[in-house]
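# Inside the fold
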Amino acid sequence: MTTPTLAFTAPVGPDGAPLLVLGPSLGTSTILWEDVVPDLAESFRVVTWDLPGHGAAKPATEPFTIGELADALAAAIRELGAPALYAGVSLGGATGLELLLRHPDVVSAAAIVCASPKFGEPQAWAERAAQVRTQGTASLVVGSAQRWFAPGSIERRPVLTGRLLHALRDADDASYALCCDALAAYDVTARLGEIATPVLAVYGERDGVSPEEHARTIADGVRDGRIARIDGASHLAPAEYPDEVAAVLGDFFRSAR
C-alpha cells in the first residue's frame, strides 16, 4: 500500500468550532481556498491541504490511487479531531467521495465542488501524464487557464488567478503525472448509493470539466444528496466567486449539523 504525503495548514477559526477540511484541485494549492477561508473561519475551524508535490507537500515517488489519497486524508482528520466537515474541488472532490466510501466515520457532511464521479476517459489522462513527464507542467498553463476560469475571471481577479497558474507551473512534474495516473483509474459512479453521509454537489454554471449533469449524478446517486450552482463560475469556483462559495458551503454545513 502506498501512503501519499499531504501537507496541511494550521487550523484557522474559533477553538472548539467544528473542524472543516478543504481540499484542492489538481495543479493548484491551498491558494485555491485563500479568499474563502476568512468567511468560513467565522463559524468553523478551517484546515486546507496540498496534494503530493503541490504547494507545501513533498513530491510523490511511487504510484498511488485516489483511495490511497483518501486514506492519508482520513488519518490526518483523525489526528485533527474527527468527525470533520469536508469540501474538495475536482480531484479534492474525488478524494472526498473516496473518503466517504472508505472512511465514513471521519466525515459528518461533505461538499463535492466542481467534481465528477469519473473524469473523462483513461486515455486522456495517460496522454496528459505523458505530456507532463516530457514537457513539464508549464506546458499545461494555457489549456488549464481556459478550463479553470470562465471568460472574464482572469481579468476580474488577476492576482489570485495568476498565483494559481504559477502554482501549476511550480508543481512537481512527476507528482502531477502520478495524480493523472490515479485519475485514469478513478470511477465511483456505481458506488454512490453506498454513501449515506449528507452530500452537497456544487457545480459552476460554466464548468466544462465537471458540468451540471455530473453534479446531478452525485446528488441523485448518494442517499442524502442536494445540489447547488455557482453562477458564472467555471472549474475553480472558490477562486472565481469566493463569497458565493463561502455562503453556499456555510449554509450547507450549518444545516447538515
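The shown structure was predicted, so the numbers you read here are calculated from the model rather than taken from an experiment.

Cut-offs applied
- Residues numbered from 1 in each chain as written.
- Predicted model: local features only at pLDDT ≥ 70, side-chain atom pairs only at ≥ 80, totals over all residues.
- Heavy atoms only, no water.
- Buried < 20%, exposed > 50% of the residue type's maximum accessible area, 1.4 Å probe, protein only.
- Helix = DSSP H or I, 4+ residues; strand = E, 2+ residues; numbered from the N terminus.
- Pairing = 2+ DSSP bridges.
- 1 Å grid on protein atoms, 1.4 Å probe; cavity = no way out; pocket = protein on both sides within 12 Å on 5 of 7 lines; lining within 4 Å.
- Points joined across faces, edges and corners; volume = space filled by probe spheres on them.
- Nonpolar A, V, L, I, M, F, W, Y, C, P; charged D, E, K, R; others polar.
- Contact = heavy atoms within 4.5 Å.
- Axes fitted to C-alpha atoms, helices over the stretch in contact; angles between N-to-C directions.

### Re the pairing of strand β3 (residues 45-50)
Counting buried residues in β3 gives six out of six residues, a clear majority hidden from the surface. The two faces of β3 match: Arg-45, Val-47 and Trp-49 on one face and Val-46, Thr-48 and Asp-50 on the other face are all buried. Both strand β2 (residues 19-23) and β3 contribute to a ladder of four bridges, which runs parallel. Considered in β3, the bridge of Leu-20 is made with Val-46.

### Some remarks on the layout of surface pockets
The probe, sized like a water molecule, is rolled over the atoms to show the empty space still left. Its boundaries defined by the atoms lining it, the largest pocket holds a volume of some 290 Å³. In terms of lining, the largest pocket is formed by 18 residues, of which the most central are Phe-119, Trp-125, Arg-128, Arg-147 and Val-209. Counting only elements with at least two residues in the lining of the largest pocket, the list comes to α4 (122-135), α5 (141-148) and α8 (173-184). Residues that form the lining of the largest pocket fall into these classes: nine nonpolar, six polar and three charged.

### Some remarks on the sheet that holds β3
Strands sit in the order β1-β3-β2-β4-β5-β6-β7 across an open sheet of seven strands; the sheet is mixed. Among the strands making up the open sheet, the edge pair consists of β1 (7-8) and β7 (225-230). Across the sheet, helix α3 (residues 91-102) is in contact with β2, β3, β4 (84-89), β5 (107-113) and β6 (199-204); its angle to β4 comes to roughly 140 degrees.

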